[in-house]
Amino acid sequence: MIRIRTMSEADLPLGMRLKAQAGWNQTEADWRRVLQLEPEGCFVAEYHGEPVGTTAAVTFGRVAWIMMVLVDEAVRGRGIGTRLMQHAIDYLAARAVPTIRLDATPLGRPVYERLGFQAEYQLARFQHNGLKRQADPDRLPATAEQLDAICALDQRATGADRSRLIRRLYHEQPSAFAVASRGESVAGYRAFRTGAHATQIGPAVAASAEIGQALLDGTIAQLGPVPMFVDIPLENRPAVEWANEGGFTLQRHLTRMWKGERVEDRPAELWASFGPEKG
Ligand SMILES: CC(C)(COP(=O)(O)OP(=O)(O)OC[C@H]1O[C@@H](n2cnc3c(N)ncnc32)[C@H](O)[C@@H]1OP(=O)(O)O)[C@@H](O)C(=O)NCCC(=O)NCCS
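As the structure is a computational prediction, the values presented were derived from the model and not from experiment. (Residues numbered from 1 in each chain as written. Predicted model: local features only at pLDDT ≥ 70, side-chain atom pairs only at ≥ 80, totals over all residues. Heavy atoms only, no water.)

**Thoughts on the pairing of strand S8 (residues 178-182)**
Phase 1: By the bridge criterion, 2 bridges tie strand S7 (residues 140-141) to S8 in an arrangement that is antiparallel. Its bridge partner lying in S8, Leu140 is registered against Val179.
Phase 2: The pairing of S8 with strand S9 (residues 185-193) spans 5 bridges and is antiparallel. Each residue of the ladder has a partner; that of Ser181, found in S9, is Val186.
Phase 3: Taking the residues between adjacent antiparallel strands as the criterion, S8 and S9 are bridged by 2 residues, where Gly183 takes a positive phi near 60 degrees. (Pairing = 2+ DSSP bridges. Helix = DSSP H or I, 4+ residues; strand = E, 2+ residues; numbered from the N terminus.)

The structure is reproduced here in structure tokens:
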């Protein structure tokens, strides 16, 4: 009675309904981006013929992210989430991807643990209700020529080659990107994107605390009077302090988990994760 099939654009209303039911921040543009990044890795669960669940696996070189694991609350606790996850894991195994990672909610974590995922570290979701007004920050807009350097910096911090994702985001909204330079080289970058409830700040990577703080200060100044979310690894203590002192409130925690080969990443350089979907 549970059947898993590939997801298509025709299933976007289902994806949007389930993410709204879970109170998540993604927009239709986020769902479309996932479908376009890895059309064969996006799945729908049907229960007695009715579509009731989703998940997506996106590969970034040797690392894959599983995201958008959602089951309609009316049919939870029947093994549908586990079947969706197993399907995504099998899809990645067939492609010989050595590492799978994800950011787990408290509801997802026990399901993933039973499937062999282990906890790595915690991320804190912070919320800011916006500044009184927009300021013109001292910001260096990122240029298309800097994308190689941005992707290399991102790979050093995350342990994954996310260039497909970063280039796509850049082309969607170049003005959301800014860099910090040290001499000729790029020492930090940040981006943001619109969300259903708040603008999601991230990804943001910085080689030092000073650079990270300047990049995020510039981001909130540029955004001004809008609610914003930022997901920060607790291991990045200067970033957590920055959020606590800068008027952000802690909303919830997520657990970053992995299965397979352990990835060497640098959470202390990650000032804002992409968001739960893509690290
Ligand atoms: C997390 C989520 C996807 C799990 O989906 P689900 O279909 O309920 O998952 P499963 O049914 O496979 O597992 C859930 C529980 O039911 C139990 N279960 C599984 N099959 C069962 C069955 N046939 N009979 C009774 N219980 C069963 C599981 O053991 C598990 O127990 P737990 O409460 O100890 O974890 C769902 O709760 C959800 O959409 N939550 C909101 C969004 C979210 O947080 N997603 C996770 C993002 S990381």
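**What to know about the packing of helix H1 (residues 12-21) against helix H2 (residues 28-37)**
Phase 1: The geometry of H1 relative to H2 is characterised by a closest axis approach of 10 Å and an angle of 125 degrees between their N-to-C directions. When the axis of H1 is compared with that of H2, the two are oblique. As H1 packs across H2, the resulting crossing turns out to be right-handed. Along the contact surface, H1 presents Leu12, Gly15, Met16 and Lys19, while H2 presents Glu28, Trp31, Arg32 and Leu35.
Phase 2: Considering only residue class, the contact of H1 with H2 consists of 4 nonpolar, 1 polar and 3 charged. (Axes fitted to C-alpha atoms, helices over the stretch in contact; angles between N-to-C directions. Parallel < 35°, antiparallel > 145°, perpendicular 65-115°, else oblique. Left-handed = near helix turned anticlockwise from the far one by under 90°. Contact = heavy atoms within 4.5 Å. Nonpolar A, V, L, I, M, F, W, Y, C, P; charged D, E, K, R; others polar.)

**Side note on the packing of H2 against helix H6 (residues 163-172)**
Phase 1: H6 packs onto H2 with a crossing angle of 135 degrees between their chain directions and a minimal axis gap of 11 Å. Taken together, H2 and H6 sit at an angle that is classed as oblique. For the element pair H2 and H6, the recorded crossing hand is right-handed. The residues of H6 that touch H2, namely those facing Arg33, Gln36 and Leu37, are Arg164, Leu165, Arg168, Leu169 and Glu172.
Phase 2: Considered class by class, the residues forming the contact of H2 with H6 number 3 nonpolar, 1 polar and 4 charged.

Worth remembering: the numbers are spatial, not functional.
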